[in-house]
Amino acid sequence: MVKCYPKHEKELERFVDPTGERGETPYFHGRADIISDFESILSDACISGKGTIHLIHGAPGAGKSALVGELQRVANAQGWKSVEIDPPALWDIDILREFFPTKNIFHKIDAKVRAGMGMFSIELGAHRSYRTIRKTLRSSKRPLLLILDEAQMLGSSNKPVDTSAMVASNVLKALHNGKMGYPIILLTAGLRTTLSSLKALDISRFGARNRVELGPLSKVSARSVIHDWIVKDAMAKGDPTEWINAIAKEAGVWPRHVHSYSWNAAKYLRENGGVMTSEGLKEVMARGWNGRINYYEQRIDEFYVDEIKHVSIAISEYHAGDAFDRLDVLAPLSKIYGEAESKELFDRLIEKSIIQEKSDGGYHVPIESMHKWLVDTYVKRKS
């Protein structure tokens, strides 16, 4: 049994992205069930001495990085050491050592073996790399939380190949199945395509507690975030109810929008002595709306205008948030682009998390306000 000790040193200070649109947040609310499950996972790992892989996935702006920051704080408070890594650290020992600078106690693997001369050398190199990575990860004196954000890159820009893929698969399987001989949890966060990226490396099934799909905040949590930015951060003067009500109605419950509108409100109030006026609220709303439109436009930037227009027409038959069948979208697209190109377009929409599979069946646009914007912009206003 490995005993977890509380962290005595001061918690690491958390930073907010200067754009006010991504990253961690100092005013975190909601996700209580997810945090409670994670606390139990940490405790179970300490008792059993075994770790696992914990996956958080969702569309851009769902609050993945903010949740990861909160789970990191929880782990640190329970005595866990946390280390943020890049994907290649899962298969390249030299890169892994950059995140464990004081643990550089192992000899480098022979260059010829690592390059791989024939299948035997490739397999031997993969095995030796795995063993060295395993030793490095086990060298921590405290239970270890590895953090891998933007984990979908394992299937794209940071996709391991050949020997690297063998090493990555071995490391991930050992982490996932608790075979490291030490409480090590790999906390991964990314788009929904992270699932297929991990599956390609032989990680396919997750326990009910270990796969978290992020969606909107509750209305209560959204209002709490807005309140804290206005009252705690900007130290607004007077009753903030009017501002909170107006921002909550406009921002909705999508985490990225809630954070962006709230950040803009706090920024305006700090610049104006905390005084809340009707004109000030209008300016905050305008800033928030511009940020929202910029977000939507960036999401569809890699698609042709005609593609987005015809996709918007196809989903306009459905209310925002409602599920639609894949074939019901492909059928009208196939009349324009043909069957093969339509399927490729649908797959790209899923890859970019513009369309997402629902846990209870069918597909939907995971951000309801984006569904409405697509229909308003490409169907109603241009029909």
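Computed from a predicted model, the values in this text were never measured in an experiment.

**Observations concerning the pairing of strand β4 (residues 184-190)**
With 7 of 7 residues buried, β4 is to be regarded as a mostly interior element. Alternating positions in β4 separate into two faces, I184, L186, T188 and G190 on one and I185, L187 and A189 on the other, with burial throughout. Summarising the sheet, strand β3 (residues 144-148) and β4 pair through 5 bridges and their orientation is parallel. Opposite L145, over in β4, you have I185 as the bridge partner. In this fold, β3 hands off to helix α6 (residues 163-176), which returns the chain to β4; that crossover is right-handed.

**A closer look at the pattern of salt bridges**
The final tally for this structure, using the stated rule, is 15 salt bridges. We note a salt bridge from E70 to R73, for which the minimum N-O separation is 3.0 Å. Remark: R73 and E70 occur in helix α2 (residues 64-77); sequence separation between them is 3 residues, near one turn of the helix. R73 sits in the partly exposed class, given a relative accessible area of 28%. The closest approach of N and O atoms between K352 and E302, which form a salt bridge, is 3.2 Å. Highlighted residues: K352 in the loop between α14 (339-351) and β6 (356-357) and E302 in the loop between α11 (278-299) and α12 (305-315), separated in sequence by 50 residues. We classify K352 as partly exposed; its relative accessible area is 28%. Residue E302 is classed as exposed on the basis of its relative accessible area, which comes to 57%. Salt bridges sharing partners connect three or more residues here, namely K267, E271, E283 and R287.

**A closer look at the layout of surface pockets**
Considered as a void within the structure, the second largest pocket measures approximately 630 Å³ in volume. Secondary structure elements with two or more residues in the lining of the second largest pocket: α9 (241-251), α11 and α15 (368-380). The leading source of residues in the lining of the second largest pocket is α15, at 6 residues. Considered class by class, the residues forming the lining of the second largest pocket number 12 nonpolar, 9 polar and 10 charged.

**Quick word on the confidence of the model for the chain**
Residues with a pLDDT of 70 or more make up 86% of the chain, whose mean pLDDT is 87. Note on residues 7-16: pLDDT under 50 across the span, and 18 contacts to partners over four residues away in sequence or across chains. Confidence over residues 103-124 falls short of pLDDT 50; this stretch has 26 contacts with residues more than four positions distant or in other chains.

**Remarks on the packing of aromatic side chains**
What the rule picks out here adds up to 7 aromatic pairs. Judged by centre distance (5.3 Å) and plane angle (85 degrees), the ring pair of F346 and Y363 falls under edge-to-face. Of this pair, F346 sits in helix α14 while Y363 is found in strand β7 (residues 363-364), placing the two residues 17 residues apart along the sequence. Here F346 matches Y363 in class, with each residue buried. Relative to Y378, the ring of W373 has its centre 6.0 Å away and its plane inclined at 85 degrees; by these criteria the two rings are edge-to-face. Accessibility classification places W373 together with Y378 in one group, the buried group. Among the aromatic side chains, those forming a connected cluster through ring pairs are Y295, Y296, W373 and Y378. The lysine or arginine in question, R326, covers the ring of F346, its NZ or CZ lying 5.8 Å from the ring centre.

**Quick notes on the nonpolar core**
One finds I56, L67, W80, L145, I300, M370 and L374 to be the most contacted residues of the largest nonpolar core, which totals 54 residues. Element by element, the count of residues in this core is highest for helix α1 (residues 32-48), at 7 residues. What L145 contacts, discounting residues up to four positions off in sequence, is F38, L71, Q72, A75, W80, K81, S82, V83, I185 and L187. The next biggest cluster of nonpolar side chains, apart from the first, holds 34 residues, and it includes V83, L137, L144 and L198.

**Some points on the packing of helix α13 (residues 326-337) against α14**
Contact pair α13 / α14: the axes reach a minimum separation of 8 Å and the direction vectors enclose 130 degrees. Of the possible angle classes, the one that applies to α13 and α14 is oblique. The handedness of the crossing between α13 and α14 comes out as right-handed. Contacts between α13 and α14 involve R326, V329, L330, L333, S334 and Y337 from the former and E339, E341, S342, K343, L345 and F346 from the latter. Among the residues forming the contact of α13 with α14, the class breakdown is 6 nonpolar, 2 polar and 4 charged.

Quick notes on the rules
Residues numbered from 1 in each chain as written. Predicted model: local features only at pLDDT ≥ 70, side-chain atom pairs only at ≥ 80, totals over all residues. Heavy atoms only, no water. Buried < 20%, exposed > 50% of the residue type's maximum accessible area, 1.4 Å probe, protein only. Helix = DSSP H or I, 4+ residues; strand = E, 2+ residues; numbered from the N terminus. Pairing = 2+ DSSP bridges. Right-handed = clockwise from strand over helix to strand, strands pointing away. Salt bridge = Lys/Arg side-chain N within 4 Å of Asp/Glu carboxyl O. 1 Å grid on protein atoms, 1.4 Å probe; cavity = no way out; pocket = protein on both sides within 12 Å on 5 of 7 lines; lining within 4 Å. Points joined across faces, edges and corners; volume = space filled by probe spheres on them. Nonpolar A, V, L, I, M, F, W, Y, C, P; charged D, E, K, R; others polar. pLDDT = per-residue confidence, 0-100. Contact = heavy atoms within 4.5 Å. Phe/Tyr/Trp six-rings, centres within 6.5 Å; stacked < 30°, edge-to-face > 60°. Lys NZ or Arg CZ within 6 Å of the ring centre and 35° of its normal. Core = buried A, V, L, I, M, F, W, Y, C linked by side-chain atoms within 4.5 Å. Axes fitted to C-alpha atoms, helices over the stretch in contact; angles between N-to-C directions. Parallel < 35°, antiparallel > 145°, perpendicular 65-115°, else oblique. Left-handed = near helix turned anticlockwise from the far one by under 90°.

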